[in-house]
Amino acid sequence: MRLAALYVKLQAMSSTKSTVIEFRNTLEAEATGYGIIVTNSTLDRLAKYYELLSAWNARLHLVAPSSPKVFAIRHVLESLFLINYLPEGARVADIGSGAGLPMIPCLIARPDVSAVLIEASRKKAIFLREALSATAVSSGSVIAERFESTDPPGVELVTSRALERFEEMLPQLISWAPKPGKLLLFGGEGLGRELAEMGLTSAKNLIPNSLRRFLFVVTNP
């Protein structure tokens, strides 16, 4: 029985190692398509983040199950696309952080950036704090509250990628966000229409490897 248990454990460790290698190799191969450069140190920390998220995902349902390659492209590289729009020393509030996307990858890749991660689920907030610690990110903090129940932190930029009922909550988010400032919002054509109906000026940037996903850079006067 002990030998059988050890064999199962070794198989699990081997499987985990192979998925992390596939995740890392995908990042390395695809990063330039998103206009970014990832160092070996950044790859190591992103791989640690992926490994931690994978371990927590079964309990918290942080993201939909996917292959290492899909997770690397659809979640991490899409998140890292944001750093092309973050000025030096940017201070950001991330609303509905959930699994830490987009800001944890961005904080790993850009140590000059700081962020407040606002997440309503206390269990997910525990994961976010653990992920920041495990990846040695000292420029991020977590607030376990709904954004509308908190005072806006001292930031110039607000981002959101997976806020529940996004389009429904958009007017509250715009009202809550610091003024003047900018919002960097991930979404599809529906979000673009909502922004236009609200009379907001935005630039629509197609995310690489996507036909209908955009990063909207919204001016909040």
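Above this text is the structure in question.
Report on the accompanying structure. It should be emphasised that the depicted structure is a prediction, and the values quoted were computed from it without experimental measurement.

A closer look at the overall build of the protein
Phase 1 of the analysis: The helix and strand tally for the protein stands at seven helices and seven strands.
Phase 2 of the analysis: Across the protein, helices and strands are ordered from the amino to the carboxyl terminus as α-α-α-β-α-β-α-β-β-α-β-α-β-β.
Phase 3 of the analysis: Relative to the 2.2 N^0.38 estimate, which gives 17 Å for 221 residues, the radius of gyration of the protein is 18 Å and therefore close to what a compact globule would have.
Phase 4 of the analysis: By its C-alpha atoms, the protein is 65 × 35 × 30 Å across when sized along the principal axes.
Phase 5 of the analysis: Counting every position in the protein, which comprises 221 residues, the buried fraction comes to 49%.
Phase 6 of the analysis: Sequence separation of at least 24 residues holds for 68% of the intrachain contacts in the protein that already meet a minimum separation of 6.
Phase 7 of the analysis: Summed over all atoms, the accessible surface of the protein reaches about 11000 Å², with 55% contributed by carbon and sulfur.
Phase 8 of the analysis: Each charge sign in the protein was given a centre, from 24 positive and 21 negative side chains, and these centres are 6 Å apart.

Here we look at the side chain of T42
Phase 1 of the analysis: The topology assignment puts T42 in helix α2 (residues 40–60).
Phase 2 of the analysis: In this structure T42 comes out as buried when scored by relative accessible area, which is 8%.
Phase 3 of the analysis: Excluding its chain neighbours within four sequence positions, the residues that come into contact with T42 are I108 and A109.

Notes on the sheet that holds strand β4 (residues 157–160)
Phase 1 of the analysis: Strand order in the open sheet made by the seven strands is β3-β2-β1-β4-β5-β7-β6, with mixed pairing throughout. Two strands lie at the open edges of the sheet, namely β3 (140–143) and β6 (202–206), each paired on one side alone. Across the sheet, the mean angle from the axis of one strand to that of its neighbour is 20°, orientation sign disregarded.
Phase 2 of the analysis: Where strand β5 (residues 181–187) lies against strand β7 (residues 214–220), seven bridges are found, and the strand directions are antiparallel. Of the residues in β7, the one forming a bridge with L183 is V218.
Phase 3 of the analysis: The strands touched by helix α5 (residues 122–134) within the sheet are β2 (114–118) and β3, with β3 carrying the most contacts at an inclination of about 170°.

As for the environment of S67
Phase 1 of the analysis: Among the structural elements, S67 can be located in the loop between α2 and α3 (68–80).
Phase 2 of the analysis: Each C-alpha atom of the pair S67 and L132 lies 23 Å from the other, and the pair is 65 residues apart in sequence.
Phase 3 of the analysis: From its side chain, S67 meets the backbone nitrogen of V70 in a polar contact 3.1 Å long.

As for the packing of aromatic side chains
Phase 1 of the analysis: Within this structure, the stated rule accounts for seven aromatic pairs.
Phase 2 of the analysis: Geometrically, the ring pair formed by F214 and F216 is tilted, given 5.9 Å between the ring centres and 50° between the ring planes.
Phase 3 of the analysis: On the basis of relative accessible area, F214 is assigned to the buried category, the value being 7%.
Phase 4 of the analysis: Taken together, the aromatic side chains of F23, Y50 and F71 make up a single cluster linked through ring pairs.
Phase 5 of the analysis: Lying over the aromatic face of W56, R59 brings its terminal NZ or CZ to 4.9 Å of the ring centre.
Phase 6 of the analysis: Over the aromatic face of F214 sits the side chain of K204, whose NZ or CZ is 4.7 Å from the ring centroid.

Remarks on the pattern of salt bridges
Phase 1 of the analysis: Overall, the coordinates contain 10 salt bridges when judged by the stated rule.
Phase 2 of the analysis: Residue R213 is joined to E78 by a salt bridge in which the shortest nitrogen-to-oxygen separation is 2.7 Å. One end of the pair, R213, is in the loop between β6 and β7; the other, E78, is in helix α3, and 135 residues separate them in sequence. A single burial state applies to R213 and to E78, both of which are buried.

Remarks on the packing of α2 against α5
Phase 1 of the analysis: Put simply, α2 and α5 touch, their axes get as near as 10 Å, and they point 160° apart. Here α2 lies roughly antiparallel to α5, going by the angle between them. Here the hand of the crossing between α2 and α5 comes out right-handed. The segment α2 lies against α5, with K48, Y49, L52, L53, W56 and L60 engaging K123, K124, I126, F127, E130, A131 and A134.
Phase 2 of the analysis: For the contact of α2 with α5, a count of residues per class yields nine nonpolar, no polar and four charged.

Cut-offs and rules
- Residues numbered from 1 in each chain as written.
- Predicted model: local features only at pLDDT ≥ 70, side-chain atom pairs only at ≥ 80, totals over all residues.
- Heavy atoms only, no water.
- Helix = DSSP H or I, 4+ residues; strand = E, 2+ residues; numbered from the N terminus.
- Rg over C-alpha atoms; globule rule 2.2 N^0.38 Å.
- Buried < 20%, exposed > 50% of the residue type's maximum accessible area, 1.4 Å probe, protein only.
- Contact = heavy atoms within 4.5 Å.
- Areas by Shrake-Rupley, 256 points an atom, 1.4 Å probe, with all protein chains shown as cover.
- Lys, Arg positive; Asp, Glu negative; His and termini not counted.
- Charge placed at Lys NZ, Arg CZ, Asp CG, Glu CD.
- Pairing = 2+ DSSP bridges.
- Axes fitted to C-alpha atoms, helices over the stretch in contact; angles between N-to-C directions.
- Polar contact = N/O pair within 3.5 Å; in protein donor to acceptor, adjacent residues only side chain to side chain.
- Phe/Tyr/Trp six-rings, centres within 6.5 Å; stacked < 30°, edge-to-face > 60°.
- Lys NZ or Arg CZ within 6 Å of the ring centre and 35° of its normal.
- Salt bridge = Lys/Arg side-chain N within 4 Å of Asp/Glu carboxyl O.
- Parallel < 35°, antiparallel > 145°, perpendicular 65-115°, else oblique.
- Left-handed = near helix turned anticlockwise from the far one by under 90°.
- Nonpolar A, V, L, I, M, F, W, Y, C, P; charged D, E, K, R; others polar.

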